[in-house]
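# A closer look at the structure
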There are 2 protein chains.
Amino acid sequence: MNAEQAYETMIALSREETLLASCLDLLEWDEEVSMPRDGVEHRAEQRALLAGLVHDRETDPRYEELLAAVEGSALVSDPESAAAVNVREIRRSFKKERRMPRALVEEWARVTSIAQQTWAESRRNDDYASFAPWLEQIFALARERADAVGYEGTRYDALLDDFEPGMTTERLVDVLSNLQQRLVPLVASFRDTPASSEMLERDFPLERQKLFVESAAAALGFDPRGGRLDVSQHPFCSAIGPGDVRIALRYHPRDFGQGFFALMHELGHALYDQGLDRAFYGTPMGDAASLGVHESQSRLWENHVGRSEGFWRHFYPPLCDAFPEALNDVSLDAFRRAMNHVAPGPIRVNADEVTYDLHITIRFELELALLSGDLRAAELPGAWNELYERHLGVRPRNDREGCLQDIHWSEGLIGYFPTYSLGNVYAAQLFAAAERAVGPLEESFARGEFAPLREWLREHVHRHGMRWPVPELIARATGEGPDASYLVESLTRRYRDGH
Amino acid sequence: MNAEQAYETMIALSREETLLASCLDLLEWDEEVSMPRDGVEHRAEQRALLAGLVHDRETDPRYEELLAAVEGSALVSDPESAAAVNVREIRRSFKKERRMPRALVEEWARVTSIAQQTWAESRRNDDYASFAPWLEQIFALARERADAVGYEGTRYDALLDDFEPGMTTERLVDVLSNLQQRLVPLVASFRDTPASSEMLERDFPLERQKLFVESAAAALGFDPRGGRLDVSQHPFCSAIGPGDVRIALRYHPRDFGQGFFALMHELGHALYDQGLDRAFYGTPMGDAASLGVHESQSRLWENHVGRSEGFWRHFYPPLCDAFPEALNDVSLDAFRRAMNHVAPGPIRVNADEVTYDLHITIRFELELALLSGDLRAAELPGAWNELYERHLGVRPRNDREGCLQDIHWSEGLIGYFPTYSLGNVYAAQLFAAAERAVGPLEESFARGEFAPLREWLREHVHRHGMRWPVPELIARATGEGPDASYLVESLTRRYRDGH
């Protein structure tokens, strides 16, 4: 078998694996959005079966032979070529997956499927006790996973690698503690800002929120023929496949920001998924660079676009038309300030941009403690509330707005939270670079033009898939390696100016 | 390997096969109800892959060995035992499936997936020309399928067997032509009945229709925790798995009957699926006896319940509360007569009970001609309209209400339509037997009690799965073999009395 033949076979395997995994994605989407409650056990069985079959393909022993035939051949001599990238990433994933026992993969799918439904029920009823045993089990299984795949530094590295390839716990502690140190005084400097966001808590009828959000999504470039908007208990974006990217949002009738920022966030994910190169679907070159980069897209649209003055100069008039009762006495300037109001609160997804990363450092600290076993699931609420009080000065009134607020752990996403902060770092840096390249973005937003930013991101980020390791992708797009200063500077400038 | 071990392994294989097939069911449900339009090609690939994997399992060579170890053993000496039934049916399906080439199975899934979307688009735009090549291709593939699995009588027998095991084209021609002969004079005797159903074409706002239908479904025994109601272009019921049975309906704002009868029909299917024995899920004992029996349940609830006087004595008052504008001048009696108005029309799913089977005989005749090649897809509209004129005296105004009305052929369901008429035959006979057993059913309906009928059906039909061949199932439930006289008598009595 020559290198070309081996490569072709390998790509066919990779595409079939992705296609099968995309069936699992649909099962997961449906579980969040559509599935009736009593379907949960059957769904867990379905997911376990498909996860096992996907794992079989990921660990297909033919890969070893195929990789050997291609690695070192002329086909991969240019490390930036699609072939070289695909071979590099398939090797990385194969090496990791083959160490994972199939039984563990199935058990993981089964447990996280039921745990999600338990979490949803527990959250609805503010009943942490019924969720705690599942959380304990998930962290126990996470330890097994980490031990199975192995790690050089700490156990958490193995999990982190699923979301941010190449990132280590050590480096992450560096980035996050540095960020925390710089954000704490910034947050403190806003402590005296008077509350000015009560108008966001007036009546915003759900049906009209949905209509506004749909029209905003279309204006920003989301194509309804290639996707849909739904309602779920936790906002998410799911890319089922080419031509099928789905956003799910959570609305609140007396909190306009909840639905709107969920849209902007998930839209950023959706635009990334829609911006990947379809010709490479089913291979690493057609897949996102990392979760951190994915989050950079969501955080960019959520914050740098959705909280900007230019955006609201364009969207505030139609918003007032949609909600005249709530907004007839609110000026554009007052509304925009409300959207940018800095106030530590208990809920991460509702957090303002400045305090947001403090929510992440709390999750990170707790994740490390739960994984090491220093913290038991039963002790989580106490530890959670203490950290919120210490870092943010707020105490959740109940577990529903405390440790039950996020779906991630129930889904088994451990090592995922830090990617939000990495995303914030990348987002600020990418936005600044885009602005240097295409001119003042706020002015184009004010004219209702979002294509210049979207196209710059597609050109410099989306279409490259996993071509480069993340630090190199950032460097090529922005001219320098990842640098958290852009985030701190951007927050300082925008929030100092705006208040 | 002893018989017990072989049987256990076989059942595990069967369950896994069903579990995988149920993932395909979800993909199909989603394609009808949720999927964005541009997702169609990816979905076709997903379905082809899963269909191929299901086929691999259906034809797993281990079955041969396992079946040999069990067949003839003491385990299956009682032919009514679960083991004997499962072995009998697994043998039947294995024998058939192993003759089907995997490539054909995949091609079939891919083509029918895209054809469904093309059909939906063609129907929306009343553009038969864009659908015709797909229909041509589907019938060509259907011939290939029939030739692959083989048949004793005619090619159509092979397809029929997928839906009504053991049924032959010859016997079906007998049943249907006999029915046609007896129905034609009956329909003729109603020709002079004055139109009295204009009130069903008043304004019935969709949201209130949905609410009414939801509450009716709950009253009839559909559990929302174990299922859901949705909207699709063509009504259907999909049993994803235990605890997850989904009904999709089509509503019309000026045709109350469309949504309501769709509910009653699909509810019958749903109650059957929910009445199967969960302990046998994934094996023939936990699967429906045949499509004809499935249709008997839908047609029973649609016609013998949903068109009955007792039903409306209970449901008419809440209906008037829901639609006071449309119904304030309509008496219960006038409404009930409208629901039972006999008038030949072009649309099968809206057809009254008396003319309904004539729609089926037309489909049957056309299916036979398309399969043999005597009729080409391009010639279908002409042939269709001619048969409607000849048998029903109506001419469709366009293909949308003509040959584009049904989804079945685009889904590859060839040999399925006749099961509706078989269903009508079984339904009348089962309803009569239930009434003999539990007393006057209309009186219990009038009291809002549907459990006596539902439980009788569960006891005598649902829970038995594929225990007996259909004629024996009917004989055990009713005391005699399938007999179309019950249908003709029931129609004659109920419609003569009612008019």
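Residues numbered from 1 in each chain as written. Chains lettered and ligands numbered in written order. Predicted model: local features only at pLDDT ≥ 70, side-chain atom pairs only at ≥ 80, totals over all residues. Heavy atoms only, no water.

### A closer look at the overall build of chain A
Each helix and strand counted, chain A has 22 helices and three strands in total. For 499 residues, the compact-globule estimate of 2.2 N^0.38 gives 23 Å, and the C-alpha radius of gyration of chain A, at 22 Å, lies within 12% of that figure. Overall size of chain A, expressed as C-alpha extent along the three principal axes, is 75 × 50 × 40 Å. Per-residue burial for chain A yields a buried fraction of 61% across its 499 residues. Long-range contacts, defined as pairs at least 24 residues apart, comprise 75% of the intrachain contacts of chain A with a sequence gap of at least 6. Approximately 18,800 Å² of chain A is accessible, and the part contributed by carbon and sulfur atoms is 49%. (Helix = DSSP H or I, 4+ residues; strand = E, 2+ residues; numbered from the N terminus. Rg over C-alpha atoms; globule rule 2.2 N^0.38 Å. Buried < 20%, exposed > 50% of the residue type's maximum accessible area, 1.4 Å probe, protein only. Contact = heavy atoms within 4.5 Å. Areas by Shrake-Rupley, 256 points an atom, 1.4 Å probe, with all protein chains shown as cover.)

### Describing unusual backbone geometry
Residues and elements named next belong to chain A. With a phi close to 45°, Asp 126 is a non-glycine residue in the positive phi region. Counting through the fold element by element, Asp 126 comes out in the loop between helix 5 (102-125) and helix 6 (128-149). Its relative accessible area of 32% is what places Asp 126 among the partly exposed residues.

### Thoughts on helix 6 (residues 128-149) of chain B
Between its terminal C-alpha atoms helix 6 of chain B stretches 31 Å, which fits the 32 Å expected from 22 residues at 1.5 Å a residue. Listing the buried residues of helix 6 of chain B in full gives Tyr 128, Phe 131, Ala 132, Leu 135, Ile 138, Phe 139, Leu 141, Ala 142, Arg 143, Arg 145, Ala 146 and Val 149 of chain B. (Expected span 1.5 Å × (residues − 1).)

### Some details on the packing of helix 8 (residues 169-189) of chain B against helix 18 (residues 417-438) of chain B
Residue and element names in this part refer to chain B. Running from N to C, helix 8 and helix 18 cross one another at 65°; their axes reach a closest spacing of 11 Å. Our classification of the angle between helix 8 and helix 18 gives roughly perpendicular. Regarding helix 8 and helix 18, the two cross each other, and that crossing is left-handed. Between helix 8, through Leu 172, Val 175, Leu 176 and Leu 179, and helix 18, the contact on the second element is made entirely by Pro 418, Ser 421, Leu 422 and Val 425. For the contact of helix 8 with helix 18, a count of residues per class yields seven nonpolar, one polar and no charged. (Axes fitted to C-alpha atoms, helices over the stretch in contact; angles between N-to-C directions. Parallel < 35°, antiparallel > 145°, perpendicular 65-115°, else oblique. Left-handed = near helix turned anticlockwise from the far one by under 90°. Nonpolar A, V, L, I, M, F, W, Y, C, P; charged D, E, K, R; others polar.)

### Overview of the packing of aromatic side chains
For the coordinates displayed, the defined rule picks out 58 aromatic pairs over all chains. Ring plane angle 40° and centroid distance 5.3 Å describe the contact between Phe 204 of chain A and Phe 256 of chain A, whose orientation is recorded as tilted. A residue pair is termed long-range when its members are at least 10 positions apart, and Phe 204 of chain A in the loop between helix 8 (169-189) and helix 9 (206-220) and Phe 256 of chain A in helix 10 (residues 256-275) qualify at 52 residues. The class of Phe 256 of chain A is buried, set by a relative accessible area of 1%. Taken together, a centroid distance of 5.0 Å and an interplanar angle of 65° make the contact between Phe 204 of chain B and Phe 323 of chain B edge-to-face. Here Phe 204 of chain B, found in the loop between helix 8 and helix 9 (206-220), pairs with Phe 323 of chain B, found in the loop between helix 12 (309-322) and helix 13 (324-327); they are 119 residues apart in sequence, far enough to count as distant. Judged by its relative accessible area of 0%, Phe 323 of chain B is buried. The ring of Trp 29 of chain A is capped by Arg 246 of chain A, whose NZ or CZ atom sits 4.4 Å from the centre of that ring. Positioned above the aromatic ring of Phe 261 of chain A, the side-chain terminus of Arg 307 of chain A is 3.9 Å from the ring centre. (Phe/Tyr/Trp six-rings, centres within 6.5 Å; stacked < 30°, edge-to-face > 60°. Lys NZ or Arg CZ within 6 Å of the ring centre and 35° of its normal.)

### As for the interface of chain B and chain A
Across the contact, 37 residues belong to chain B and 37 residues belong to chain A. Across the chain B/chain A interface, buried area totals approximately 2,900 Å², and carbon plus sulfur atoms make up 60% of it. Per-residue buried area on chain B facing chain A is highest for Asp 38, His 42 and Arg 225 of chain B; these three make up 21% of the total on that side. Counting across the interface, chain B meets chain A through six salt bridges. Of the charged contacts, one joins Asp 38 of chain B and Arg 225 of chain A as a salt bridge, the two residues approaching to 3.6 Å between their closest N and O atoms. Here chain B is connected to chain A by 16 residue pairs in polar contact (both at pLDDT 80 or more). For the side of chain B that touches chain A, the secondary structure elements donating two or more residues are helix 1 (3-33), helix 2 (40-58), strand 1 (227-231), strand 2 (236-241) and strand 3 (244-249) of chain B. (Buried area = accessible area lost by both parts, 1.4 Å probe. Salt bridge = Lys/Arg side-chain N within 4 Å of Asp/Glu carboxyl O. Polar contact = N/O pair within 3.5 Å; in protein donor to acceptor, adjacent residues only side chain to side chain.)

### Side note on the packing of helix 11 (residues 291-305) of chain B against helix 18 of chain B
Residue and element names in this part refer to chain B. Look at helix 11 against helix 18: their axes get within 7 Å of each other, and the N-to-C directions meet at 60°. By crossing handedness, the relation of helix 11 to helix 18 is classed as right-handed. Counting all contacts with helix 11, which are made through Leu 291, Gly 292, Val 293, Glu 295, Ser 296, Gln 297, Arg 299, Leu 300, Asn 303 and His 304, the residues of helix 18 involved are Thr 419, Tyr 420, Leu 422, Gly 423, Asn 424, Tyr 426, Ala 427, Ala 428, Leu 430 and Phe 431. By residue class, the composition of the contact of helix 11 with helix 18 is ten nonpolar, eight polar and two charged.

### Some details on the environment of Pro 235 of chain B
Residue and element names in this part refer to chain B. The residue Pro 235 is located in the loop between strand 1 and strand 2 in this model. Remark: the alpha-carbon pair of Pro 235 and His 55, spanning 180 residues in sequence, is separated by 27 Å. Those residues in contact with Pro 235 that lie beyond four places of it in its chain are Ala 248, Leu 249, Arg 250, Ala 262 and Glu 266.

### Let's talk about the domain arrangement of chain A
Residues and elements named next belong to chain A. Partitioning chain A into domains gives domain 1 (3-127) and domain 2 (170-498). Domain 1 and domain 2 are separated by 27 Å when their C-alpha centres are compared. Counting from both sides, the interface comprises 29 residues of domain 1 and, opposite them, 36 residues of domain 2. When the two sides are added together, the surface that domain 1 and domain 2 hide from each other amounts to roughly 2,900 Å², 56% of it contributed by carbon and sulfur. Among the residues of domain 1 in contact with domain 2, Trp 29, Trp 119 and Arg 123 are the three that bury the most area, contributing 26% of the side total. At the junction of domain 1 and domain 2, the tally comes to one salt bridge. With its nearest N and O atoms 2.6 Å apart, the salt bridge here joins Glu 80 to Arg 476. Of all elements in the fold, only helix 1 (3-33), helix 4 (82-97) and helix 5 reach the threshold of two or more residues within the side of domain 1 that touches domain 2. (Domains from an automatic or database assignment.)

### Here's the deal with the sheet that holds strand 1 of chain B
Residues and elements named next belong to chain B. Spatial ordering of the open sheet is given by 1-3-2, a layout of three strands whose pairing is mixed. Each end of this open sheet is capped by a strand with a single partner; those strands are strand 1 and strand 2. Adjacent strand axes in the sheet meet at a mean angle of 20°, parallel and antiparallel pairs treated alike. Note that strand 1 and strand 3 share five bridges and pair parallel. Residue pairing across strands places Leu 229 opposite Ile 247, the latter belonging to strand 3. Its contacts with the sheet put helix 1 on strand 1, strand 2 and strand 3, and the angle it makes with strand 2 is roughly 145°. (Pairing = 2+ DSSP bridges.)

### A few points about the pairing of strand 2 (residues 236-241) of chain A
Consecutive side chains along a regular strand alternate between the two faces of the sheet. Residues and elements named next belong to chain A. Along strand 2, five of the six residues are buried, which leaves the element largely enclosed by surrounding structure. Where strand 2 lies against strand 3 (residues 244-249), five bridges are found, and the strand directions are antiparallel. For Ser 238, the partnering residue across the bridge sits in strand 3 and is Arg 246.

### Quick look at the relation of the copies chain B and chain A
When chain B is fitted onto chain A, the two copies agree to an RMSD of 0.0 Å after a turn of 180° and an axial shift of 0.0 Å. Between the two chains, the operation in question is that of a two-fold axis. Using C-alpha coordinates, one finds that chain B approaches the rotation axis most closely at Cys 23 of chain B, a distance of 3.9 Å. (Least-squares fit on C-alpha atoms with pLDDT ≥ 70 in both.)

### What to know about the environment of His 42 of chain B
Mapped onto the fold, His 42 of chain B is located in helix 2. With relative accessibility at 7%, the residue His 42 of chain B sits in the buried group. Spatially, the C-alpha atom of His 42 of chain B lies 24 Å from that of Asp 127 of chain B, the residues being 85 residues apart in sequence. In this structure His 42 of chain B touches Leu 19, Ser 22, Ile 240, Gly 241, Pro 242 and Tyr 281 of chain A, once residues within four positions along its chain are discounted.

### Describing the pattern of salt bridges
A complete count under the given rule lists 92 salt bridges over all chains for this structure. Members of the salt-bridge network, linked through shared partners, are Arg 88, Glu 89, Arg 92, Lys 96, Arg 145, Asp 161 and Asp 162 of chain A.

### Some remarks on helix 1 of chain A
If you check helix 1 of chain A, its first and last C-alpha atoms are 44 Å apart, about what 31 residues at 1.5 Å a residue would give, namely 45 Å. The N-cap residue of helix 1 of chain A is Asn 2 of chain A: its side-chain oxygen and the backbone nitrogen of Glu 4 of chain A are 3.1 Å apart.

### What about the sheet that holds strand 3 of chain A?
The three strands are arranged 1-3-2 (chain A) in an open sheet whose pairing can be described as mixed. With partners counted over all chains shown, the strands left at the sheet margins are strand 1 (227-231) and strand 2 of chain A, one partner each. Shown here is a sheet whose adjacent strand axes are inclined to one another by a mean of 20°, direction ignored. Across the face of the sheet, helix 2 of chain B comes into contact with strand 2 and strand 3 of chain A while running at roughly 70° to strand 2 of chain A.

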